[in-house]
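Per-entry structural report
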Amino acid sequence: MAFTQIYVNLPVTDLEASTSFYLALGGVLNPQFTDETSAQVALGEVVTVQLMTHEQFAQFTSRPIASGAIESILALPAESKEDVDRLAGAAVKAGGSEPRPPQDMGWLYNRAVDDPDGHSWELLSFDASAMPGTPE
């Protein structure tokens, strides 16, 4: 069996601000799964983010909601270095932040952006054939 989609469920403190952040990344709002407690944003055909208020998110778990600590870094590939820069700029303008400077390894370029709640995303562009140690 191969998975064909991923739905990332994220607790957020400000649903409107978080929705704006993901729309700035090029996401498309799905009104069918959006209300005052939750917003679904498709980041393409494969990745969908479900943003939920803490109260809504708590209905799906008995565990406490993490705050401040990083528990994952999600990565989104872009077509080019210019697209990475464009997306990172849009994300920061929409209320996100950059926790570190961009990284350029020649074959891989990435920028980290955190959404308004600190959920971390890597925006990256790479050429695997140019990776050091890749057979010619």
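Residues numbered from 1 in each chain as written. Predicted model: local features only at pLDDT ≥ 70, side-chain atom pairs only at ≥ 80, totals over all residues. Heavy atoms only, no water.

The name given to the chain in an unreviewed UniProt entry is Lactoylglutathione lyase, with Amycolatopsis rhizosphaerae as the source organism.

It is worth spelling out the sheet that holds strand β5 (residues 73-77) at this point. Across the sheet, which stays open at both edges, the 4 strands sit in the order β5-β8-β7-β6 with mixed pairing between neighbours. Of all strands in the sheet, those bounded by a partner on one side alone are β5 and β6 (103-104). The pairing of β5 with strand β8 (residues 120-126) spans 5 bridges and is parallel. Looking across to β8, one finds that Pro 77 is bridged to Leu 124. (Pairing = 2+ DSSP bridges. Helix = DSSP H or I, 4+ residues; strand = E, 2+ residues; numbered from the N terminus.)

With that settled, consider the packing of aromatic side chains. Counting across every chain of the model gives 2 aromatic pairs. Ring centres 4.8 Å apart and planes at 80° place the aromatic pair Phe 21 and Tyr 22 in the edge-to-face group. Judged by its relative accessible area of 0%, Phe 21 is buried. Between the aromatic rings of Tyr 22 and Trp 121, the centroid separation amounts to 5.9 Å while the plane-to-plane angle is 75°, which identifies the pairing as edge-to-face. Highlighted residues: Tyr 22 in helix α1 (residues 15-24) and Trp 121 in strand β8, separated in sequence by 99 residues. (Phe/Tyr/Trp six-rings, centres within 6.5 Å; stacked < 30°, edge-to-face > 60°. Buried < 20%, exposed > 50% of the residue type's maximum accessible area, 1.4 Å probe, protein only.)

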